[in-house]
Amino acid sequence: MTHRPTALLPFPDTATVGPAGIELDGVSLTTLAAEFGTPLYVYDAASIRTRARAVREALDSAPHGGHAAFALKSQSALGVLRLIHAEGIGADCASAGEIEAAQRAGIPGSELVIHGNAKSEQDLRAAVTTGARLVVLDGRDDADRLAAICRETNRTQDVLVRIAPGIDVDTHRHIATGHHGSKFGVTPAEGAELLRTLPAGLIGRGLHVHLGSQILDADPLIAAARWLPVFAKAEGIPLEVLDLGGGLGIRYTPDQDAPDPGQHTRRLIEAIATVCAEEGMPVPEIIVEPGRSIVGQSGVTLYTVIGTKTVGDGSTWVAVDGGMGDNMRVGLYGATYAPVLAARPLADVDGTYRIAGRHCESTDVLAEGVPLPAPQVGDIVAFPATGAYHQTMAHSYNLFGRPAAVLVDGGAAHLITRREAVADLFARDV
Ligand SMILES: Cc1ncc(COP(=O)(O)O)c(C=O)c1O
């Protein structure tokens, strides 16, 4: 393995430093900023492929097969979805819109798993009419509404029931979902009862669990995988399919370390095979729903420095041309990043800086205490690890259009999402 400077650790796999600064797969970030403008999302195809392939290969080794459904909430640019689907990975969709995105990317209904704690009539109808492989029920009301649509359309639908097993994970409380009191899923006892008493038209295939996101210590995910077959056997409910959700974390800052998604998937498979052997029960088909761990590390967001100023308390702001409109994670979870100047990532720093977004909110601050080498107006700031939950969460507050996105693949850059123009912002006004 080639040595990577510490500052590059959260950047995509192909990141190197050349004469013009950081390059992804040989393409310089400053060149991309000049060609496509900023703010700009840049994704490294090789980083995505490596992770998607590793998960797929791990599932291929599972005794009764396995299916990966990529979580579209983390990334839904069609250019990225096509790449992931080409690696043999389907989709986890949480709305009629995400179902449409999957279809437009060429992912058939037979590879879709449908989620949502408050699925609308439109969402459920889209699931049924696309022939979704599985709908994951979040409660009795969900089941009743789905069954009514099945009756009306004279179809049946395979379902799983999502349970919140009361397992806590070490992540931000805003992205923990498997604890007691979570708005997602039902208690294990209610889940078992729902599977035993499903309305006509729904065929229960098994259980679903998703404990949360950005989980760096994967042990609780393994513990949940071991517990579910034991629970299903004790309750006498079907477990042909066991969907273990997503949740694996990535490295946002150089000091973090994250499990490898392929190895993690193998650990899950082994844990289930072992517990099923212990319990004398058949091994279920395994589904995983990775999102962040496939695409997160592939992304870099580029901004241009608009101004710098030192203020009353002696701190220095570096204001950039993006902010909470393209990165909601700081405001939502207090997320931290390790940005660098794209042209001078390894230069000696001259102080620490506060990176301000351009939105009219005091909380629109992208990073605090960032060591940088004398940033100047016009410099390009590169935020690594922004491939997941950035573009999908982008919005147009202050009527700044949403950024463009570029995929770097095979040494060339391809525009996959065009920048939102001012005219686009009024397309829905009547
Ligand atoms: C049901 C479900 N599956 C999969 C995911 C993807 O999670 P992650 O991006 O952390 O892998 C999520 C995200 O919260 C989810 O809610």
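What counts, and where the lines are drawn
- Residues numbered from 1 in each chain as written.
- Predicted model: local features only at pLDDT ≥ 70, side-chain atom pairs only at ≥ 80, totals over all residues.
- Heavy atoms only, no water.
- Buried < 20%, exposed > 50% of the residue type's maximum accessible area, 1.4 Å probe, protein only.
- Helix = DSSP H or I, 4+ residues; strand = E, 2+ residues; numbered from the N terminus.
- Pairing = 2+ DSSP bridges.
- Arc of directions from axis to C-beta.
- Near = heavy atom within 4 Å.
- Polar contact = N/O pair within 3.5 Å; in protein donor to acceptor, adjacent residues only side chain to side chain.
- Areas by Shrake-Rupley, 256 points an atom, 1.4 Å probe, with all protein chains shown as cover.
- Nonpolar A, V, L, I, M, F, W, Y, C, P; charged D, E, K, R; others polar.

Caption draft 1: Focus on the pairing of strand E14 (residues 316-320). Along E14, four of the five residues are buried, which leaves the element largely enclosed by surrounding structure. Bridging between strand E13 (residues 299-310) and E14 involves five bridges; their strand directions are antiparallel. Residue pairing for E14: threonine 308 is matched across the bridge by valine 318. Taken together, the three bridges between E14 and strand E16 (residues 351-356) define a ladder with parallel strand orientation. In the strand pairing of E16, alanine 319 is matched with alanine 356.

Caption draft 2: The arrangement of helix H1 (residues 29-36) in detail. When H1 is considered as a whole, its buried residues turn out to be Leu29, Leu32, Ala33 and Phe36. Within H1, the buried residues cover an arc of 100° as seen down the axis, which keeps them to one side. Exposed residues lying more than 90 degrees from the buried face of H1 are Ala34 and Glu35. In the stretch just after H1, glycine 37 is the one whose phi turns positive, near 80°.

Caption draft 3: Expanded view of the site of the ligand. In the region of the ligand, 15 residues are neighbours, and Ser213, Gly247, Glu289, Arg292 and Tyr389 sit closest. The contact in question runs from an oxygen atom of the ligand to an N or O atom on the side chain of serine 213, over 2.3 Å. A distance of 2.8 Å is found between an oxygen atom of the ligand and a backbone nitrogen or oxygen belonging to glycine 247. Its free accessible area being 400 Å², the ligand has 93% of it covered by the protein chains. Here the shell around the ligand is built from residues that sort into three nonpolar, seven polar and five charged.

None of the figures reported here should be taken as evidence of function without further support.
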